[in-house]
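Per-entry structural report
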Amino acid sequence: MALEQRPVGKLDRAVIFLGPPGSGKGTQAKVLAEKYGVPHLSTGDMLREHIAQGSLLGLKAKPIMARGELVPDSLVLKMVAERIERPDCSHGFVFDGFPRTVTQAKYLGELLKRQGFKQPFVIHMVIGNALLLRRLTGRRTCKIGGEIYNIYDRPPKVEGICDNDGGELVQRPDDREEVIKQRLHAYEKLTSPLVAYYRRHGWLHEIDASKSVAEVEQEIEQAVASMRGAR
Ligand code: AP5
């Protein structure tokens, strides 16, 4: 392993990215997970994989996700529990898009306790709605490696082609304006109560997600370093 790819230290817990659609959770969670050499667990990506494979879970999730609604807790919780029991999660992991309801957060709390993890560290991506539409309608994702681009702010060198692996860049079906509206509504109604929930526990760290990708990355790095120093 090259020196620059070595993990910067141990995480030993769950880091949770909490924020509205388009706030940059996926972009930053991927970087943080790579830095610490732990899995990046995006429940959205997991569900999209189930859809691509045509599994029973995928068949149930597909129409719900197409409408921009949340997949029922019962389906998501089973999928997450199975994933974090795998050995690669033993030194911690980075959640992107989970938990998304208070029920999911409570269930996760129990799972983490049972597996001997410390309390999670929650990164709240704070951003106004005005920027979200531009970010979501402009997003393109690599079909091969999942690298995230934006046609306005983070374009690839060659239009439609991933810089890393030459994969085709595609638009997510739920990134159409009418579905985005429903996703933002679901966030406000079902997910935003988690901000108060985690704040009460003292596990919430707020990040200004409206800044550039590099600036947000730096803020997160500092927050995680201070969390590790404080334990
Ligand atoms: P999911 O895939 O989790 O989507 P989401 O939460 O709606 O979040 P996004 O992936 O759209 O945005 P992001 O915050 O990751 O932003 P990104 O980094 O890509 O969920 C999809 C669906 O699956 C849900 O609607 C639901 O149906 C279902 N689901 C998933 N998890 C579930 C759960 N736990 N329970 C129930 N249902 C669940 O960035 C967006 C764009 O902005 C990119 O183009 C990027 O390049 C750009 N960008 C990022 N950061 C910056 C920056 N700082 N400056 C400028 N541009 C930036």
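For the structure itself, consult the block above.
Residues numbered from 1 in each chain as written. Predicted model: local features only at pLDDT ≥ 70, side-chain atom pairs only at ≥ 80, totals over all residues. Heavy atoms only, no water.

1. Brief notes about the site of the ligand
What counts, and what does not: Note on definitions. A residue lies near a molecule or strand when any single heavy atom of the residue is within 4 Å of it. Distance and chemistry together define a polar contact, namely a pair of N or O atoms within 3.5 Å, with one atom able to donate a hydrogen and the other to accept it when in protein, and with adjacent residues in sequence counting only for side-chain atoms on both sides. Only the protein chains shown count as cover for residues, and all accessible areas are computed by the Shrake-Rupley method using a 1.4 Å probe. Each helix corresponds to a stretch of at least 4 residues labelled H or I by DSSP, and each strand to a stretch of at least 2 residues labelled E; elements are numbered beginning at the N terminus. Any residue outside Ala, Val, Leu, Ile, Met, Phe, Trp, Tyr, Cys, Pro, Asp, Glu, Lys and Arg is labelled polar, Gly included; the first ten of those are nonpolar and the last four are charged.
The ligand sits among 35 residues. The nearest are Thr27, Glu69, Arg100, Arg139 and Arg183. Within the side chain of arginine 135, an N or O atom sits 3.2 Å from a nitrogen atom of the ligand. Within the backbone of lysine 211, an N or O atom sits 2.8 Å from a nitrogen atom of the ligand. In isolation the ligand offers 1,000 Å² of accessible surface; the protein chains occlude 97% of this area. Breaking the shell around the ligand down by element, the ones donating at least two residues are α1 (25-36), α2 (43-53), α6 (129-137) and β6 (148-150). With four residues, the top contributor of residues to the shell around the ligand is α2. Tallied by class, residues from the shell around the ligand come to 12 nonpolar, 11 polar and 12 charged.

2. Here's the deal with the sheet that holds strand β2 (residues 40-42)
Spelled out, the test is: Here, strands pair whenever DSSP counts at least two bridges between them. An axis is simply a line fitted to the C-alpha atoms; with a helix, the fit covers only the stretch in contact. Between two such axes, the angle follows the N-to-C directions and lies from 0 to 180 degrees.
Read across the open sheet, the five strands follow the order β2-β3-β1-β4-β8; overall the sheet is parallel. Each edge of the sheet is formed by a strand with only one pairing partner; in this case those strands are β2 and β8 (204-208). On average, each strand axis in the sheet is tilted by 20° relative to the strand beside it, whichever way the strands run. Pairing between strand β4 (residues 121-126) and β8: five bridges, direction parallel. Bridging across to β8, isoleucine 123 finds its partner in histidine 205.

3. Notes on the side chain of arginine 135
For the record, the criterion: We call a residue buried when its accessible area falls under 20% of the maximum for its residue type, exposed when it is over 50%, and partly exposed in between, using a 1.4 Å probe and counting protein chains only. Counted charges follow a simple rule, with Lys and Arg positive, Asp and Glu negative, and His plus the chain ends left uncounted. Here, a salt bridge means any Lys or Arg side-chain nitrogen found within 4 Å of an Asp or Glu carboxyl oxygen. The contact criterion used is simple: two residues touch if any of their non-hydrogen atoms lie within 4.5 Å.
Topologically, arginine 135 is positioned in helix α6. One buried charge, arginine 135, has no salt-bridge partner; the nearest side chain with opposite charge is aspartate 153, at 5.4 Å. Polar contacts involving the side chain of arginine 135 include one to the main-chain carbonyl oxygen of glycine 22, which spans 3.4 Å. A polar side-chain atom of arginine 135 sits 2.9 Å from the main-chain carbonyl oxygen of alanine 209. When residues no more than four places from it in sequence are discounted, the contact partners of arginine 135 are Gly22, Ser23, Gly24, Ile127, Asn150, Ala209, Ser210 and Lys211.

4. A word on the nonpolar core
Threshold: In these notes, a set of buried Ala, Val, Leu, Ile, Met, Phe, Trp, Tyr and Cys residues joined through side-chain atoms within 4.5 Å is what counts as a nonpolar core.
Among the nonpolar cores identified, the biggest contains 34 residues, and Leu18, Val71, Ile84, Phe93, Phe95, Leu108 and Tyr198 are the most heavily contacted of them. Secondary structure elements with two or more residues in this core: β1 (14-18), α2, α3 (56-67), α4 (73-84), β3 (93-96), α5 (102-114) and α8 (193-201). No other element matches the seven residues that α4 contributes to this core. Of all hydrophobic cores here, the second largest spans 24 residues; its members include Leu32, Ile127, Leu136 and Ala209.

5. Some remarks on the sheet that holds strand β7 (residues 169-170)
Spatial ordering of the open sheet is given by β6-β5-β7, a layout of three strands whose pairing is antiparallel. Here the strands that pair on one side only, and so sit at the sheet edges, are β6 and β7. The pairing of strand β5 (residues 139-142) with β6 spans three bridges and is antiparallel. Following the sheet pairing, threonine 141 is matched in β6 by isoleucine 148. Along the sheet, α6 makes contact with β5 and β6, crossing β5 at roughly 40°.

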